[in-house]
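Working through the structure, step by step
The residues making up each chain are set out below.
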Amino acid sequence: MHAKGAGAYGTFTVTGDISKYTRTQLFSKVGNSCEMFARFSTVAGEMGSADTARDPRGFALKFYTDEGNWDMVGNNTPVFFVRDPLKFSDFIHSQKRDPATGLRDNTMQWDFWSLSPESLHQVTTLFSDRGIPASYRHMNGYSSHTYSLWNNEGERYWIKWHIKTLQGIQTLTNGEAADIAGGDLDYHRRDLHTAIELGEFPRWQVQIQIMPEHEAESYHIHPFDLTKVWPHDDYPPIEVGIIELNRNPKNYFAEVEQAAFEPGNMPPGMSASPDKMLQARLLSYPDAHRYRIGINYAALDVNKPRCPVNTSHRDGQTRFDGNADGAVNYEPNSFGGPEESPGVKEPPLKISGDADRYSHRDGNEDYSQAGALYRLMNDDQKAQLIGNLVGALQEVPHVIQVRQTRYFYQADPAYGEGVAEGLGLKLDDIRQSGD
Ligand code: NDP
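My aim in this report is to walk through the structure given alongside it, one point at a time. Computed from a prediction, not measured in an experiment: that's the story for all the values here.

Turning our attention to the overall build of the chain. Within the chain, the regular secondary structure consists of 13 helices and 10 strands. For 435 residues, the compact-globule formula gives about 22 Å, and the C-alpha radius of gyration of the chain, at 22 Å, lands near that figure. Projected onto its principal axes, the C-alpha coordinates of the chain cover approximately 75 × 50 × 40 Å. Here the analysis covers contacts within the chain between residues at least 6 apart in sequence; of these, 74% occur between residues at least 24 apart. Accessible surface for the chain amounts to roughly 19500 Å². Of this, 51% is attributable to carbon and sulfur atoms. Within the chain, one finds 42 positive and 59 negative side-chain charges whose respective centroids are separated by 2 Å.

Counting buried positions along strand S2 (residues 33–42) yields 8 of 10 residues, so the element is predominantly enclosed. In terms of strand pairing, strand S1 (residues 5–14) meets S2 through 9 bridges, oriented antiparallel. Across the sheet, the residue bridging to Ala6 is Phe40, located in S2. Pairing of S2 with strand S3 (residues 57–65), which is carried by 8 bridges, proceeds in the antiparallel orientation. Of the residues in S3, the one forming a bridge with Met36 is Phe63.

Let us now look at helix H9 (residues 368–376). All of the buried residues along H9 are Gln369, Ala370, Gly371, Leu373 and Tyr374. Where H9 is buried, its residues touch helix H3 (120–126), helix H10 (379–393), helix H11 (398–411) and helix H12 (413–423).

This part takes up the site of the ligand. Around the ligand lies a shell of 18 residues, among which His121, Arg130, His232, Gln369 and Leu376 are the nearest. Within the side chain of Gln381, a nitrogen or oxygen atom sits 3.3 Å from a nitrogen atom of the ligand. Coverage of the ligand by the protein chains reaches 75% of its 790 Å² of free accessible surface. Listing elements by their share of the shell around the ligand, those giving two or more residues are strand S7 (156–165) and H9. Broken down by element, the shell around the ligand gets its largest block of residues, 4 residues, from H9. The residue makeup of the shell around the ligand, split by class, is 9 nonpolar, 7 polar and 2 charged.

A separate point is the side chain of Asn69. Here Asn69 lies in strand S4 (residues 68–75). Using a relative accessible area of 7% as the deciding quantity, one classes Asn69 as buried. Here Asn303 takes part through its backbone oxygen, which lies 2.8 Å from a polar atom of the side chain of Asn69.

Bringing the packing of H9 against H10 into the picture now. Contact pair H9 / H10: the axes reach a minimum separation of 8 Å and the direction vectors enclose 125°. What the angle tells us is that H9 and H10 run oblique. From H9, Tyr374, Arg375 and Leu376 reach across to H10, where they touch Gln381, Lys382, Leu385 and Ile386.

Attention shifts here to the packing of helix H2 (residues 106–114) against H11. Two numbers describe how H2 lies on H11: the axes approach to 9 Å, and their chain directions differ by 45°. Here H11 runs oblique to H2, going by the angle between their axes. With respect to the hand of their crossing, H2 and H11 are arranged in left-handed fashion. Counting all contacts with H2, which are made through Thr107, Trp110, Asp111, Trp113 and Ser114, the residues of H11 involved are Ile400, Arg403, Gln404, Tyr407 and Phe408. Grouping the amino acids of the contact of H2 with H11 by side-chain chemistry returns 5 nonpolar, 3 polar and 2 charged.

With that settled, consider the side chain of Glu213. Looking at the secondary structure, you find Glu213 in the loop between strand S8 (203–212) and strand S9 (238–247). A residue is classified by how much of its surface remains accessible, and Glu213, at 7% relative accessible area, is buried. There is a polar contact of 2.9 Å between the side chain of Glu213 and the backbone nitrogen of Lys350. Leave out the neighbours within four places in its chain, and Glu213 touches Arg156, Tyr157, Trp158, Pro348, Leu349, Lys350 and Ile351.

Moving on to the pairing of S7. By the criterion of burial, S7 is predominantly enclosed, with 9 of the 10 residues buried. As paired elements, strand S5 (residues 141–142) and S7 share 2 bridges and run antiparallel to each other. Opposite Gly141, over in S7, you have Ile163 as the bridge partner. Both strand S6 (residues 147–150) and S7 contribute to a ladder of 4 bridges, which runs antiparallel. If you follow Ser148 over to S7, its bridge partner there is Trp158. Taking the residues between adjacent antiparallel strands as the criterion, S6 and S7 are bridged by 5 residues, where Gly154 takes a positive phi near 80°. Examined bridge by bridge, S7 and S8 share 9 bridges and lie antiparallel to one another.

The full count for this structure, using the stated rule, is 22 salt bridges. Residue Arg83 pairs with Asp225 through a salt bridge whose shortest N-O separation is 3.0 Å. Taken together, the residues Arg83 in the loop between S4 and helix H1 (88–95) and Asp225 in the loop between S8 and S9 connect sequence positions 142 residues apart. There is no split in this pair, since Arg83 and Asp225 are both buried. Linking Arg156 and Glu213 is a salt bridge whose minimum nitrogen-to-oxygen distance equals 3.6 Å. Highlighted residues: Arg156 in strand S7 and Glu213 in the loop between S8 and S9, separated in sequence by 57 residues. Assigned by exposure class, Arg156 and Glu213 land together as buried.

Reading guide: rules and limits
- Along each chain, the written sequence defines residue order, and numbers are assigned to residues from 1.
- For a predicted model such as this one, the threshold for reporting local features is a pLDDT of at least 70, and the threshold for listing and counting side-chain atom pairs is 80 or more; totals across whole chains, interfaces and linings nevertheless cover every residue.
- Neither water nor hydrogens contribute to the side-chain values; these are computed over all heavy atoms in the structure.
- Only DSSP runs of H or I covering at least 4 residues are called helices, and only runs of E covering at least 2 are called strands; the numbering of each starts at the N terminus.
- We take the radius of gyration over the C-alpha atoms and set the globule estimate at 2.2 Å times the residue count to the 0.38 power.
- Only heavy atoms matter for contacts: two residues are in contact if any of them lie within 4.5 Å across the pair.
- The Shrake-Rupley method, run with a 1.4 Å probe sphere, supplies the accessible areas, and residue values consider only the shown protein chains as cover.
- Positive charges are assigned to Lys and Arg, negative charges to Asp and Glu, while His and the chain termini are left out of the count.
- For the purpose of locating charges, the reference atoms are NZ of Lys, CZ of Arg, CG of Asp and CD of Glu.
- Exposure categories follow from relative accessible area, calculated using a 1.4 Å probe and restricted to protein chains: below 20% of the type maximum is buried, above 50% is exposed, and the middle band is partly exposed.
- Criterion used throughout: strands pair if DSSP finds at least two bridges between them.
- For each residue, the test is whether any non-hydrogen atom lies within 4 Å of the molecule or strand; if one does, the residue is near.
- Any N or O atom pair separated by 3.5 Å or less is treated as a polar contact, with the protein-specific requirement of one donor-capable and one acceptor-capable atom, and with residues adjacent in sequence counted only for side-chain atom pairs.
- Any residue outside Ala, Val, Leu, Ile, Met, Phe, Trp, Tyr, Cys, Pro, Asp, Glu, Lys and Arg is labelled polar, Gly included; the first ten of those are nonpolar and the last four are charged.
- Comment: axis = line fitted to C-alpha atoms, over the contacting stretch for helices; angle = value between 0 and 180 degrees taken between N-to-C directions.
- An angle below 35 degrees is read as roughly parallel, one above 145 as roughly antiparallel, one from 65 to 115 as roughly perpendicular, and any other as oblique.
- Each helix crossing is assigned a hand: it is left-handed if the near helix lies turned anticlockwise from the far helix by less than a right angle, otherwise right-handed if that turn is clockwise.
- When a carboxyl oxygen of Asp or Glu lies within 4 Å of a side-chain nitrogen of Lys or Arg, that pair is called a salt bridge.

Encoded structure:
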């Protein structure tokens with residue numbers, strides 16, 4: 001996944017005071033800054049695939065803070081297709097190549113989606129105008145997952161991160177994207193590199209939505225469900241900082257290909273949440289890096305923190321640095337080696353099992369936020385969405401078309417009727433329940 005990408009270095013500068021929510025030094029005062037690295041990518045295509053494919057975009061950020069690296073593995077969409085990590089690989093298989101033919105296959109994709117109502121919100125995003133960004137500079141990033149911040153008083157806050165492009169959202173139609181792909185498969189990689197070479201440094205404003213810990217128990221939306229957003233009216237985003245990308249890598253393989261992001265990299269004052277998809281990614285990302293790059297991937301220049309590193313990890317293949325010389329690598333010890341740091345102990349979770357409870361299908365409502373997204377589109381965006389869906393669903397078996405269009409109808413009748421009309425489906429068929 002995320003095989004084709006582009007990356008650049010930059011700076012993150014704190015512009016909004018969130019020090020009461022977190023003890024992370026980076027956020028201790030407005031004006032603090034750190035070096036960072038960003039990698040953007042398509043998801044499903046291979047290394048040589050077209051940049052302008054309709055696909056979510058990876059939006060991975062590495063902040064080299066004075067307390068160690070903070071990595072965020074976001075996307076350009078605020079939600080995802082599944083909420084159960086067990087379904088992650090099923091979903092990916094449905095989007096990758098058919099094992100029999102070696103071809104990408106619309107029937108596989110829609111078969112899975114039309115049997116997975118929780119994917120509707122993200123499907124609506126993917127087939128909207130924002131499904132093909134004009135460039136990596138012209139798209140937003142989202143943590144998608146709920147993370148947390150905690151302060152010196154032991155208070156925890158649930159956090160959604162938003163990274164809003166200051167270049168403005170710009171998108172490509174299917175036709176524009178196909179024309180570009182015909183002439184330049186590397187259009188987005190080239191755009192990012194060229195803009196930085198020309199001194200046109202792309203910038204994003206970082207914002208957060210903040211939910212006090214106890215509100216997770218009573219909020220009407222499951223706060224750890226990756227298929228849902230927190231409406232802005234409930235938790236208004238506040239400004240935190242500015243990202244500026246201003247330096248191209250000198251060597252693509254060393255710095256972009258070997259960049260390794262892992263959501264478990266967080267300095268004190270930040271933490272994860274009970275979001276089960278995030279819990280799975282905490283394990284799977286470093287696992288992928290060990291396989292893809294090698295056991296010592298974290299010591300490579302692009303991945304290495306800019307502050308001193310005190311790790312007890314030693315040896316392994318391609319141990320290319322000094323292997324920590326003779327430093328003691330166990331605790332407790334009698335030789336001035338590592339000691340526990342109780343001062344950076346994360347507060348215990350105060351929420352009950354109720355907020356943690358996760359039912360993959362039962363009791364979930366999968367339609368209203370997809371409907372809200374449809375209704376905030378203007379007429380042109382609605383027409384693009386419906387046209388894109390009709391194009392992609394055209395050749396799939398009738399039974400799958402009907403099953404999927406019922407979901408669109410449940411999100412909003414006009415949405416479902418528009419797709420049904422485009423596909424020539426009977427309205428009576430799609431007005432039945434999609435469940
Ligand atoms: P709001 O009216 O407050 O809109 C929230 C966001 O919707 C804005 O950040 C805006 O991003 C984004 N948006 C606007 N037009 C589009 C579009 N055509 N396609 C995709 N995103 C768009 O509403 P709510 O917070 O109540 O959310 C309503 C729906 O908006 C949600 O169901 C979700 O699908 C979508 N959304 C919500 C987000 C959230 O965090 N609440 C984030 C992104 C999307 P921008 O300022 O860049 O235009």
